[in-house]
Amino acid sequence: MLRPERMSKVSVTGSKRVIDDVIEATYEHHSLHVTDYDERYEGFSPGESLDGAETVNEKLVTVRSLESILDVEGDEADGARPIDDEALEAELADVRERVNDLNDRRDELKAEIRDREEELDRMEPFADLGIELDLLGGYDSLEVVVGEAKPEAVEATLADADGIEAFEVFAGSDIVAIFARPADGAEEGVLQDSLVGVDIALLEVPEAEASPSEYVAELEREREELQNDLDEIEAELAAVKEEAAGFLLRAEEQLTIEAEKKQAPLSFATTENAFIAEGWVPTETFSDLRAAITDAVGDHAEVEELERASFTPDGDHHTEAVADGGAEREAATDGGHATHGSDDPPVVQNNGSAAGPFELLVQGFGRPKYSEFDPTLLVFLTFPLMFGFMIGDVGYGVLYAAIGAFLYSRYDGTFRELGAVALWAGGFTILFGIYFGIDVFGYHAYQLLPGDVHWPVDGKGLSPADIDWALSFLVASVLFGLAHLNVGHILSFVSNYQQHDLKHALYEGGSWLLILNGAWVWIFSQHLPGPKPDFLFDSFSILTFGAVSFAGFPVAVGYAAIVAILLGIVLLAIGEPPELAEVLSPIVNVISYARIMAVLLAKGGMALAVNLLAFGAYIGEGGEGSFHFIFSADYLEYIQNHPEEYELVFAGITTAFDPASIGAVGVVALVGGIVVAVVGHIVVLALGVTSAGIQAVRLEYVEFFGNFYEGGGDSYLPFGYDRQYTADEE
Amino acid sequence: MLEATNELGNVALQAGGTLTDANAAAALAVGLAALGAGYAERGIGSAAVGAMAEDDDLFVNGLILTVLPETIVILALVVVFIV
């Protein structure tokens, strides 16, 4: 479970005469992850595509471009059925002609509309100015400038300018036309020169016969007409899409399959008459694959298991030779087994159906390498636990599980896996909800049980009465973190031991284990009791309902722990000196798990606040007990009359509703209170995902994976295709 | 300047009140740690969103990096239990 599926490297060697059949059989079997040939064998060159690959690719490009023009996205499929090559060709030509024609016209219309719009942009300011275009230029003694500027600024500047004898400014809403008579002897362009200091965007005066406003009106009319034409074309394209989408999807799939088959030899090693294809298959399916190929071509091709990849790193002394190697290998094609490369096998994670969906969370960080432990099982064992503990509420748990069940049953792929994760998380949320006193949306439902039940767990630690529980949950979180990190470091120790040797394992895994456990054993020991708060030790008795009382490890154990820490630091200093800087991380990372308790309190507190607003709450035992909700007007009155016994926190919104005398205010309060409760709980539910979910994922990714996990494996992409839109012809 | 600061410290210590109350100081420590974490996440978050705009696959990395500084607050919380 902690390892991916075992992979075998296989080679398929055969005569080129049967290459088609071998490809067909392998493709059908859909299990061989073909590795590219890297020219490592003398006399073998990379293969070439089979005949006809180019035509298939051309058609595929056509189909894909048509799909992109028509916006075909894949959900337009109209039932899977086979499609034969001739029909495909004929229909493709027909669709292409229609679509290209419509598309050309659409492009033309769009270009024309764009032209009109540019012209409009140019003309609109002049229409706004309201001066005929031919009046804006062509004077002997006047200079004219049109631009976007503030008229006051222009006037102020020109009034002070040298070389301007007189001027007048005509202003539209954000455009000005400035007419000026230069002083005698002033140079040409004096008007523009004197406007240098003004914030003005100059406009060129367009040449047009009509008056600007008429011209603008005409342009708008033309644009309107063109737009209508364009809409018609779009509608026609939509009709074509409706008709042809199913066909295009089928054609694309068919052609993709054909193209993949035709291009397969590109990753083979070939000579003039023979070929070798190498790749990985899961060891279990190897004999099946061999049978399939032998069925297809008899003894014209030889399928052989070259090696079974071991989980320790690459290198000859680590790989296990397959038993039947020897003589058969020498008989194979010349040079075929000279060396095996050091390429890593692709990774097929193997976690069964329960833990399987949690591969999603692991892959979020990175797919495991073949030589690494696959932590999916451990994520499966801890993620729902942490999530459930943080939310701990039957009501929310049922909702999460319901959302999960919905996703799980309605979708495929990622959403389905997400649904399964949500189902597990919801289930544990329900379990912990029961633990915390059958909490249903923050209400301790155990009070409804018959008889005077005293629930052993007082609550999440929100009320004055159960503050000890809050501290106990803090200790529980930290102890969980300690256990979790120990698992991480042990895995690191084991994998270092398997990949290198005991020395490395001691330096890289053992040192951290010593520091981690030494530090925390010391913290829980009686050595130097001064700064250690009492709750560290009291919690054990609270959490076990008094069954265990723990006063801390004896002082001698404390000293031993200090020795362990020092030993760990020494090992680290010898083995990994740069990591000495992180020597405190075993303490820090464990404390980081305190967030579990923090989120528990925060979520519980939010649910409490929502209920408190809606239904009112008091604290029993004169303000020293726990929170209780009020719900009814009668009860509120009773509470208010006994202030020495009950400390009222908030009267609540719905408690204004009095069934004895139904008044308008009461009904409004009832509705308002229920709205507050519903909206509030939805917010808590959503924030539960983002805080509990993200914090739990973070503990896995940062604190836990950080110890032993890198990720970055190759995914297993077997040669073959899962048909979705087409049916097989057989 | 140094003298003035010194003087201020003396006054604060003599006058007592909030600054010499251990609980208040612990609360202040947590608050400041939270402020620091928030400030750190501000930069990381914007960089992470920028990176995600380039490449969606960086979502998880961005998420991890963004939540890293939160631990500072949790570490500061330890102070509350020790005083």
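Residues numbered from 1 in each chain as written. Chains lettered and ligands numbered in written order. Predicted model: local features only at pLDDT ≥ 70, side-chain atom pairs only at ≥ 80, totals over all residues. Heavy atoms only, no water.

In the annotation of an unreviewed UniProt entry, chain B is listed under the name V-ATPase proteolipid subunit C-like domain-containing protein and assigned to Halorubrum salipaludis. The Subcellular location (unreviewed entry) comment attached to chain B in UniProt states, word for word, "Membrane". (UniProt positions renumbered as here; feature names shortened; annotations may be inferred.)

**Student:** What exactly am I supposed to notice about empty space enclosed by the protein here?
**Tutor:** Over the atoms, a rolling probe the size of a water molecule traces out where space has been left empty. All names here are of chain A. What the rule picks out here adds up to four cavities of 30 Å³ or more. For the largest cavity, the calculated volume is near 200 Å³. Surrounding the largest cavity, 17 residues form its lining, Gly-442, His-444, Leu-462, Leu-608 and Phe-629 being those nearest its centre. Viewed by domain, the lining of the largest cavity spans two of them, domain 2 (462-592) and domain 3 (608-699), each represented by three or more residues. The space that makes up the second largest cavity amounts to roughly 80 Å³. What lines the second largest cavity is Thr-35, Asp-36, Tyr-37, Asp-38, Arg-40, Tyr-41, Ser-267, Ala-269, Ile-276, Ala-277 and Glu-278. Per-element tally for the lining of the second largest cavity: the top contributor is strand E9 (residues 274-282), with three residues. (1 Å grid on protein atoms, 1.4 Å probe; cavity = no way out; pocket = protein on both sides within 12 Å on 5 of 7 lines; lining within 4 Å. Points joined across faces, edges and corners; volume = space filled by probe spheres on them. Domains from an automatic or database assignment. Helix = DSSP H or I, 4+ residues; strand = E, 2+ residues; numbered from the N terminus.)

**Student:** Sorry, what's going on with the nonpolar core here?
**Tutor:** Generally speaking, a soluble globular protein has its nonpolar side chains buried in company with each other. Residues and elements named next belong to chain A. Membership of the largest hydrophobic core comes to 69 residues, with the highest contact counts inside it found for Leu-361, Phe-383, Phe-473, Trp-520 and Phe-705. No fewer than three residues from each of domain 2 (462-592) and domain 3 (608-699) sit in this core. Among residues more than four places away in sequence, those in contact with Trp-520 are Val-478, Leu-482, Pro-586, Ile-587, Val-590 and Ile-591. (Core = buried A, V, L, I, M, F, W, Y, C linked by side-chain atoms within 4.5 Å. Buried < 20%, exposed > 50% of the residue type's maximum accessible area, 1.4 Å probe, protein only. Contact = heavy atoms within 4.5 Å.)

**Student:** I would appreciate a short explanation of the layout of surface pockets in the present structure.
**Tutor:** Taken as a whole, the largest pocket holds about 830 Å³ of empty space. Together, 27 residues line the largest pocket, and Leu360(A), Leu361(A), Leu418(A), Val689(A) and Val697(A) are the ones closest to its centre. Counting only elements with at least two residues in the lining of the largest pocket, the list comes to helix H10 (359-365), helix H11 (376-391), helix H12 (394-410), helix H13 (414-435) and helix H22 (664-708) of chain A together with helix H3 (59-67) of chain B. Each residue belonging to the lining of the largest pocket can be placed in one class, and the counts come to 20 nonpolar, five polar and two charged. Considered as a void within the structure, the second largest pocket measures approximately 650 Å³ in volume. (Nonpolar A, V, L, I, M, F, W, Y, C, P; charged D, E, K, R; others polar.)

**Student:** Is there a simple way to think about the domain arrangement of chain A in this case?
**Tutor:** A common way to report how large an interface is uses the accessible area buried once the components associate. All names here are of chain A. Split by domain assignment, chain A resolves into domain 1 (119-215), domain 2 (462-592) and domain 3 (608-699). Placing the centre of domain 2 and that of domain 3 at their C-alpha centroids yields a distance of 41 Å. Domain 2 puts five residues into the contact, and the matching count from domain 3 is nine residues. Both sides together, the interface formed by domain 2 and domain 3 hides about 510 Å², and carbon and sulfur atoms give 64% of it. Linking domain 2 with domain 3 are zero salt bridges. (Buried area = accessible area lost by both parts, 1.4 Å probe. Salt bridge = Lys/Arg side-chain N within 4 Å of Asp/Glu carboxyl O.)

**Student:** Looking at this structure, I do not really get the interface of chain B and chain A. What am I missing?
**Tutor:** Contacts between chain B and chain A engage twelve residues on the former and 19 residues on the latter. Regarding the contact of chain B and chain A, the summed buried area is about 1300 Å², with carbon and sulfur atoms giving 79% of it. For the pair chain B and chain A, the interface holds one salt bridge. Where Arg595(A) meets Glu70(B), a salt bridge forms, and the shortest distance between an N and an O atom there is 3.5 Å. Summed over the shared surface of chain B and chain A, the result is five residue pairs in polar contact (both at pLDDT 80 or more). Every element with two or more residues in the side of chain B that touches chain A is listed here: H3 and helix H4 (70-82) of chain B. Broken down by element, the residue count for the side of chain B that touches chain A peaks at seven residues, all from H4(B). Broken down by class, the residue content of the side of chain B that touches chain A amounts to ten nonpolar, one polar and one charged. (Polar contact = N/O pair within 3.5 Å; in protein donor to acceptor, adjacent residues only side chain to side chain.)

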